[in-house]
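Understanding the architecture of this molecule
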Amino acid sequence: TIAFAGTAAAAPTVADGEVGVDTDDDGEIEGGTFATLEEAVNDASDGEDIFIGDGEFSEAVSIEHNLTLRPAAGASPTLTHSGVPLTIAADKDVTVRGLNITAPADTDAITDSALNSKKLTLRNITIKVSGSSNAFAVTSDGTDGSYDIFDVTVDGPSSSTEAAAVLLRSPDDVNIKRSTFKGLDFGVQITNEDGSDDKGAGAVTIRNTTFQDMNDEGVILNSEDGETSSNNFGAIEIKDNTFENIG
């Protein structure tokens, strides 16, 4: 396989229900495959790519390295579990691409413990959340960190009272583009957790995104005391979005 500078190698083929690790970004699996995603993630080192074969992976995966998760060639894998399917450890740069993630009732789909100055990138993902409360597609247990959420679809249960696509606390910056959030209580909530002037949330960009069938709001920006001001956030750009059947 030949990879030109500045381009990623093509995804390798991995058998259904198996997972492989590309250790040197050459588009090939080294060292054989694994029967579970968790085994592959635990075996990988910083900077490596995890390629996932077709099928459903019923497991809770905790990522503790700087990794990229993506489908193998021709695959459309689904990650599901009775608990949170995907957890990002503190201080990690993680990219997740092309997966289907299904969370159980009243449970988050993707959560991180505290990215701090690191970044979580989500691309071309479909997430399904369900239940009547606390069902967030992407959320954080800590503060800080950057989030790129591009071409992500979140389907909710429509009747939920607290489900949301994105709930973040004092992030460094958030970029949401070309995504679709539907059947939720609200689409995006970004909060300045401590409400102080010197530690607010960073820049927020939401563009070309569809918010559909929300029980409450499409986008909520607020501080801990419920107020929004220039002290609480960096630059805010919310434009070219579609809001249908809100509230």
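An account of the accompanying structure is given in this report. (Residues numbered from 1 in each chain as written. Predicted model: local features only at pLDDT ≥ 70, side-chain atom pairs only at ≥ 80, totals over all residues. Heavy atoms only, no water.)

Turning our attention to the overall build of the chain. Along its length, the chain carries one helix and 25 strands. Considering the chain as a whole, with its 247 residues, one finds that 48% of them fall into the buried category. Here the contacts in the chain between residues at least 6 apart in sequence split such that 67% fall between residues at least 24 apart. A total of about 10,200 Å² of accessible surface is found on the chain, and carbon and sulfur atoms cover 41% of it. (Helix = DSSP H or I, 4+ residues; strand = E, 2+ residues; numbered from the N terminus. Buried < 20%, exposed > 50% of the residue type's maximum accessible area, 1.4 Å probe, protein only. Contact = heavy atoms within 4.5 Å. Areas by Shrake-Rupley, 256 points an atom, 1.4 Å probe, with all protein chains shown as cover.)

This part is about the pairing of strand 13 (residues 126–130). Every other side chain in a regular strand lies on the same face of the sheet, so the side chains alternate between the two faces. Burial of the side chains of strand 13 is restricted to one face: Ile127 and Val129 are buried, whereas none of Thr126, Lys128 and Ser130 on the reverse face is. Here strand 10 (residues 100–105) runs beside strand 13; their pairing, made up of four bridges, is parallel. From the neighbouring strand, Ile101 faces strand 13, where its bridge partner is Ile127. Pairing analysis gives three bridges linking strand 13 to strand 16 (residues 153–155), with the strands arranged parallel. Paired with Thr126 across the bridge in strand 16 is Thr153. (Pairing = 2+ DSSP bridges.)

Now for a nonpolar patch on the surface. Side chains of Ile236, Ile238, Phe243 and Ile246 sit close together on the surface and give an oily, nonpolar patch of about 320 Å² of accessible area. Among the elements of the structure, strand 24 (236–239) and strand 25 (242–246) are those that each provide at least two residues to the nonpolar patch. Summarising the element assignment, Ile236 is placed in strand 24. (Patch = residues over 30% accessible without salt bridge, like charges linked within 9 Å, V, L, I, M, F, W, Y side chains within 5 Å. Salt bridge = Lys/Arg side-chain N within 4 Å of Asp/Glu carboxyl O.)

Mapped onto the elements of the fold, Pro104 is located in strand 10. Residue classification places Pro104 among the buried residues on the basis of a relative accessible area of 19%. C-alpha separation for the pair Pro104 and Thr80, spaced 24 residues apart in sequence, amounts to 7.7 Å.

What follows covers the nonpolar core. One finds Ile50, Leu69, Leu86, Ile127 and Phe181 to be the most contacted residues of the largest nonpolar core, which totals 54 residues. Once you skip the residues sitting within four places of it in the chain, Ile127 turns out to touch Ile101, Ala109, Ile110, Ala137, Val138, Val152, Thr153, Val154 and Asp155. Core analysis: the next-biggest nonpolar cluster, separate from the first, contains five residues, Phe136, Leu167, Phe186 and Ile220 among them. (Core = buried A, V, L, I, M, F, W, Y, C linked by side-chain atoms within 4.5 Å.)

Pairing is mixed in the open sheet, where 10 strands are placed in the order 2-1-3-6-9-12-15-18-21-24. Two strands bound the open sheet, and with one partner strand each, they are strand 2 (33–34) and strand 24. Relative to strand 24, strand 21 (residues 203–207) runs parallel, the two sharing four bridges. Considered in strand 24, the bridge of Arg207 is made with Lys239.

In short, geometric facts, not functional conclusions.
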